[in-house]
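Per-entry structural report
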Amino acid sequence: MTELTVKIPIPDFTKALYDQAQQSIIGQSWTITDLRKWLGGKSVTWIKSNILYNPKYSHEIASMEAKGQIHQSTGKGNAWRFKATAMAEFIEQHYEELEW
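We now turn to the structure provided with this report. Keep in mind that this is a model prediction, so the values were computed, not measured.

Structural notes on the sheet that holds strand β2 (residues 70-72)
Taken in spatial order, the 3 strands line up as β1-β3-β2 in an open sheet, and their pairing is antiparallel. Edge strands, defined here as strands with exactly one partner in the open sheet, are β1 (29-30) and β2.

As for the side chain of Q69
Structurally, the position occupied by Q69 is in the loop between α4 (58-66) and β2. Looking at Q69, the relative accessible area reads 18%, which means it is buried.

Here's the deal with the packing of aromatic side chains
Applying the stated criterion across every chain, the model contains 6 aromatic pairs. Ring geometry for Y95 versus W100: centroids 4.8 Å apart, planes at 35°, classification tilted. Exposure remark for Y95: the relative accessible area of 42% places this residue in the partly exposed category. Among the aromatic side chains, those forming a connected cluster through ring pairs are W46, Y95 and W100. One cation-aromatic arrangement involves K42 over W46; the distance from NZ or CZ to the ring centre is 5.1 Å.

Quick word on the pairing of strand β3 (residues 80-83)
Note on strand geometry: in a regular strand, side chains alternate between the two faces of the sheet. Here β3 shows a buried face lined by W80 and F82 and an unburied face lined by R81 and K83. Taken together, the 3 bridges between β2 and β3 define a ladder with antiparallel strand orientation. Bridging from a neighbouring strand, Q72 pairs with W80 of β3.

So, the nonpolar core
L35, I51, L52, F82 and M87 are the most contacted members of the largest nonpolar core, which has 22 residues in total. Listed by contribution, the elements that provide at least two residues to this core are α2 (32-38), α3 (44-52), α4, β3 and α5 (84-94). Broken down by element, this core gets its largest block of residues, 6 residues, from α5. Each residue touching M87, except ones within four places of it in the same chain, is listed here: W30, L35, I51, M64, I70 and F82.

A closer look at the environment of A84
Assignment of secondary structure puts A84 in helix α5. In this structure the C-alpha to C-alpha distance between A84 and Q28, which are 56 residues apart in sequence, comes to 5.6 Å. Beyond its immediate sequence surroundings of up to four residues, A84 is in contact with I25, Q28, S29 and W30.

Let's talk about a nonpolar patch on the surface
Judged by side-chain polarity, L4, V6 and I8 come together as a nonpolar surface patch covering roughly 380 Å² of accessible area. Along the chain, L4 turns up in the segment before α1 (13-25). The exposed category is assigned to L4, whose relative accessible area is 75%.

Calculation criteria
Residues numbered from 1 in each chain as written. Predicted model: local features only at pLDDT ≥ 70, side-chain atom pairs only at ≥ 80, totals over all residues. Heavy atoms only, no water. Pairing = 2+ DSSP bridges. Helix = DSSP H or I, 4+ residues; strand = E, 2+ residues; numbered from the N terminus. Buried < 20%, exposed > 50% of the residue type's maximum accessible area, 1.4 Å probe, protein only. Phe/Tyr/Trp six-rings, centres within 6.5 Å; stacked < 30°, edge-to-face > 60°. Lys NZ or Arg CZ within 6 Å of the ring centre and 35° of its normal. Core = buried A, V, L, I, M, F, W, Y, C linked by side-chain atoms within 4.5 Å. Contact = heavy atoms within 4.5 Å. Patch = residues over 30% accessible without salt bridge, like charges linked within 9 Å, V, L, I, M, F, W, Y side chains within 5 Å. Areas by Shrake-Rupley, 256 points an atom, 1.4 Å probe, with all protein chains shown as cover. Salt bridge = Lys/Arg side-chain N within 4 Å of Asp/Glu carboxyl O.

This is the structure in structure tokens:
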């Protein structure tokens, strides 16, 4: 008798869902309100203290600002604009570190 071994890849659904979410936000900009929704309703104060002004992430945030992925306006209207894919990637990389 001959045995046959078949390997069937089981997709990583976490990665698949993340990739799907990333695809849905390609080319989008977020306001601070959009970012709050993405973070489950966290307050603007929480976002500023835990992400934007957190010394732990200052180099990354500065790099994202230099690349135009984060923009803080000094004029009227929305004070913040974020490149959605870049910010989602940042959150994904630091999810376990954030103080939820």
